[in-house]
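Report on the structure
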Amino acid sequence: MEHSRRSFISFLGKASLGTFVIPPFLMSCGNTPTPTTGEKISKVTIDRLKKVLLKSINPSDIDDLVLTDGLHYQTIIKWGDQINLTDTFGFNNDFTCFIPLDENNPKDGLLWVNHEYINPLFVSGYNHRNIDEKRTKQQVDKEMYQVGGSIIRIKEENGTWNIVKNDPLNRRITAKTPIQLNWDEPIKGKHTVIGTLANCSGGITPWNTFLTCEENYDNFYGETVYDQNNNPQHKPSEYNKWEQFYTYPPEHYGWVVEVNPEDGLCQKHIALGRFAHECCTLYELEDKRVVAYSGDDTNDEHLYKFISTKASSLKEGTLYVADTINGKWLALDWENQPILKQQFKNQTEVLIRAREASKLLGATPLNRPEDIEIDPISGNILITLTNNKPKKDFHGSILKIEETNGEFDALTFGASTHIAGGEETGFTCPDNLAFDLAGNLWITSDISGSSMNKEDNPYTSFKNNALYVIPRYGKEAGKVIRVASAPKDAELTGPWFSPDGKTLFLSVQHPGEQTKDLKNPTSKWPFDEDNIPKSAVVAIKGDLIEKMNRFHLLG
Ligand code: FEO
Ligand code: CA
Ligand code: CA
Ligand code: CA
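Within each chain, residues carry numbers counting from 1 in the order of the written sequence. Going through the entries in the order they are written, you letter the chains from A and number the ligands from 1. A pLDDT threshold of at least 70 governs which residues receive local features in this predicted model, and a stricter bar of 80 or more applies before side-chain atom pairs are shown or counted, although totals over entire chains, interfaces and linings include all residues. The basis for every side-chain value is the complete set of non-hydrogen atoms in the structure, without hydrogens or water.

As for unusual backbone geometry
- Of note, the amide linkage connecting W525 to P526 takes the cis form, showing an omega dihedral of 10°.
- Only DSSP runs of H or I reaching four residues or more are called helices, and only runs of E reaching two or more are called strands; each is numbered from the N terminus. Locating P526 in the fold gives a position in the loop between β34 (504-509) and β35 (536-541).
- Phi is positive for K188, which is not a glycine, with a value near 50°.
- Tracing the backbone through its elements, the reader meets K188 in the loop between β10 (178-181) and β11 (192-194).
- By relative accessible area, K188 is classed as exposed at 55%.
- Notably, D300 is not glycine yet its phi reads approximately 65°, a positive angle.
- Mapped onto the elements, D300 comes out in strand β20 (residues 299-301).
- Throughout, exposure labels follow a simple rule: accessible area from a 1.4 Å probe, protein chains only, divided by the maximum for the residue type, with under 20% read as buried, over 50% as exposed, and the rest as partly exposed. The exposure class assigned to D300 is partly exposed, which follows from its relative accessible area of 25%.

Quick notes on the coordination of the calcium ion (ligand 3)
- Coordinating N, O and S atoms are those within 2.8 Å of the metal (3.2 Å for Na, K and Ca), and as water is not part of the atoms, a site may appear to have fewer donors than expected. Every protein donor of the calcium ion (ligand 3) is listed here as D371 (OD), E373 (OE) and L433 (O), and their distances to the metal cover 2.3 to 2.4 Å.
- Here the donor residues for the calcium ion (ligand 3) map to a single chain with the spacing D-x1-E-x59-L.
- For D371, a relative accessible area of 3% corresponds to the buried category.

Quick word on the side chain of R153
- Here R153 shows up in strand β7 (residues 148-157).
- Overall, R153 belongs to the buried group, its relative accessible area being 18%.
- Under this definition, polar contacts are N or O atom pairs within 3.5 Å; protein pairs additionally need one hydrogen-donor-capable and one acceptor-capable atom, and for neighbouring residues in sequence, both atoms have to be side-chain atoms. Looking at R153, its side chain comes within polar contact range of the side chain of D167, at 2.8 Å.
- When sequence neighbours within four positions are dropped, the list of residues in contact with R153 reads L101, D108, G109, L110, N162, I163, V164, D167 and N170. Contacts are residue-level and defined by heavy atoms, with any inter-residue pair within 4.5 Å sufficient.

A few points about the coordination of the calcium ion (ligand 4)
- Protein coordination at the calcium ion (ligand 4): the donors are E370 (OE), D431 (OD) and D446 (OD), at 2.2 to 2.9 Å from the metal.
- Sequence positions of the donors to the calcium ion (ligand 4) reduce to the motif E-x60-D-x14-D.

As for the packing of aromatic side chains
- Within 6.5 Å between ring centres, the rings of Phe, Tyr and Trp (the latter by its six-membered ring) count as paired, and their orientation is classed by plane angle as stacked under 30 degrees, edge-to-face over 60, tilted in between. Scanning the entire structure with this criterion turns up 20 aromatic pairs.
- For the ring pair Y221 and W242, a centre distance of 5.8 Å and an interplane angle of 65° mean the geometry is edge-to-face. Of this pair, Y221 sits in helix α6 (residues 218-221) while W242 sits in the loop between β15 (232-235) and β16 (256-259), and the two are 21 residues apart along the sequence. W242 shares its class with Y221; the two are buried.
- Between the aromatic rings of Y246 and Y248, the centroid separation amounts to 5.8 Å while the plane-to-plane angle is 20°, which identifies the pairing as stacked.
- Residue classification places Y246 among the buried positions, given a relative accessible area of 12%.
- An aromatic cluster is defined as three or more aromatic residues linked by ring pairs; in this entry it consists of F220, Y221, W242, Y246, Y248 and Y253.
- A ring is scored as having a charge over it whenever the NZ atom of a lysine or the CZ atom of an arginine sits within 6 Å of its centre and within 35 degrees of its normal. The ring of Y145 carries R172 above its face, with NZ or CZ at 4.7 Å from the centroid.
- Across from the ring centre of W334, 4.9 Å away, lies the NZ or CZ of K341, which sits over that ring.

A look at the pattern of salt bridges
- Note on definitions: salt bridges are taken to be side-chain nitrogens of Lys or Arg within 4 Å of carboxyl oxygens of Asp or Glu. In this structure the tally under the stated criterion is 33 salt bridges.
- A salt bridge links D108 to R153, with the shortest nitrogen-to-oxygen separation between them at 2.7 Å. With D108 in strand β6 (residues 108-115) and R153 in strand β7, the pair connects residues that are 45 residues apart, well separated along the chain.
- Look at D108 and you get buried, because its relative accessible area is 11%.
- The residue E284 makes a salt bridge to K288 at a minimum N-O spacing of 3.8 Å.
- According to the relative accessible area criterion, E284 is buried, its value standing at 18%.
- On the accessibility criterion, K288 (42% relative accessible area) is partly exposed.
- One salt-bridge network, in which partners are shared between bridges, spans K78, D81, D528, D530 and K534.

Observations regarding the sheet that holds β11
- Here, strands pair whenever DSSP counts at least two bridges between them. Overall, mixed pairing links the 6 strands, which are arranged β11-β10-β17-β16-β13-β12 in an open sheet. Edge strands, defined here as strands with exactly one partner in the open sheet, are β11 and β12 (199-204). Taking the axes of each pair of neighbouring strands and ignoring which way they run, one obtains an average angle of 35° across the sheet.
- Relative to strand β17 (residues 266-269), β10 is paired through 2 bridges, and the arrangement is parallel. Bridged to L181 within β17 is K268. Each axis is a line fitted through C-alpha atoms, and for a helix only the stretch in contact is used; angles between axes span 0 to 180 degrees, taken between their N-to-C directions.

Describing the sheet that holds strand β3 (residues 66-67)
- Within the open sheet, the 5 strands sit side by side as β3-β32-β31-β30-β29. Their pairing is antiparallel. Each edge of the sheet is formed by a strand with only one pairing partner; in this case those strands are β3 and β29 (430-435).

Listed below in structure tokens is the structure:
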């Protein structure tokens, strides 16, 4: 039996007695670290926080991380920083999540950071704009080091987060790290594959490991495509062309990868299917079985959920795909779906070719499903649909899934639009989501670099990418408030709250992405001595963060 929606609401009622606690429901959501409980708020703090006003900033095109009143930031780590004697922080940081080493100390823990892709101009010196230039193996080797993820131990002292340099738990996972497949059958002859890449967003597990999701994997070694007679062909990668030097099968990528923070060992979870996984959001049922939601961030692709049949397993169970028109989860189950038996030789092939299998079952095409969060108060599942330009959906929306009776292992659900992007609501291209400890919803935008700050297109008035919050309480409840604006060409990604709700970790990804000449970059953020733009993870703090996280206690 899961928690019912009613029990979350009654718990929130109890929470407003003055102790800083969190709905038990949130603790069951894989995407939220175990929060610190029991902290009392003094009257002085309450009076101070009540004075803080939540104000929207105007759209901005300046080259800086601009924050609304009541917020300030510091840079924790940036591209190229040394994390130990041999390793450096990778490129284009996206998803971040924080797990405290001791659950009673929210100020000391491990930060996982995804490194999604590379800009060769910065990383290897290869200029992809010059069609005559040949890439070398040495360049590709440099690029392979810069993707994957980083684990860094960070501590907050005197209000500042610092990396614990050379901590034995600091490590890099790269495109060369050997990774086991959590599956009995080999894939393209292997039980262990080489590397992880295209790591966009992710999640955490109830057993405190990291999940990192392989999104646009086809940009690295291409993809296997099938003709009308079901014959495979290699479709080359359009951008990185690593297959010139390394012929790893595309089937080894496009999975959800779990990373154990203690020993750095990784495994790819085949049972969750293969597609452009944006994220993976887990919910643990009372009997410890898990439900995992994941979206395929490509125009007209699908939303998936895996339900395990065994406790704490991401292997034994069934993968479903959403029919949002009829509110049904359709089983990607070779044994019991004759139409899948006709096309595919076994369940492994169904999982490798999950997109094709989903279409055979009648899954609903969606407008690029990206991040997924479970609302800690209502129990609804929110999914960002970024946009679908060919279908003239420029601003995207947030889709709401209500599982039947609030049961996460239900096979039916209701689907509706939670809120749509556009000039009227004030946001566009929603990508990452995070709920804070009070249940306010934070949203980052991802206007693509090629569309941003151009004259006369649907995005002109939005200017740079932004971070928004939709408050749950007070006068502004339900409105979209712009609280941060990204530097030039950047997007803000990976929002994640510290367990005490006092810090918002945030990635500033790809500032200066449109740079053609390193001597004349389009951004110089974060303004260090190298005079070039660098992706970085920042800690945002301030009275406004505290107020938002304690809103329900302040009245
Ligand atoms: Fe890498 Fe779907 O954003
Ligand atoms: Ca994303
Ligand atoms: Ca998220
Ligand atoms: Ca995106």
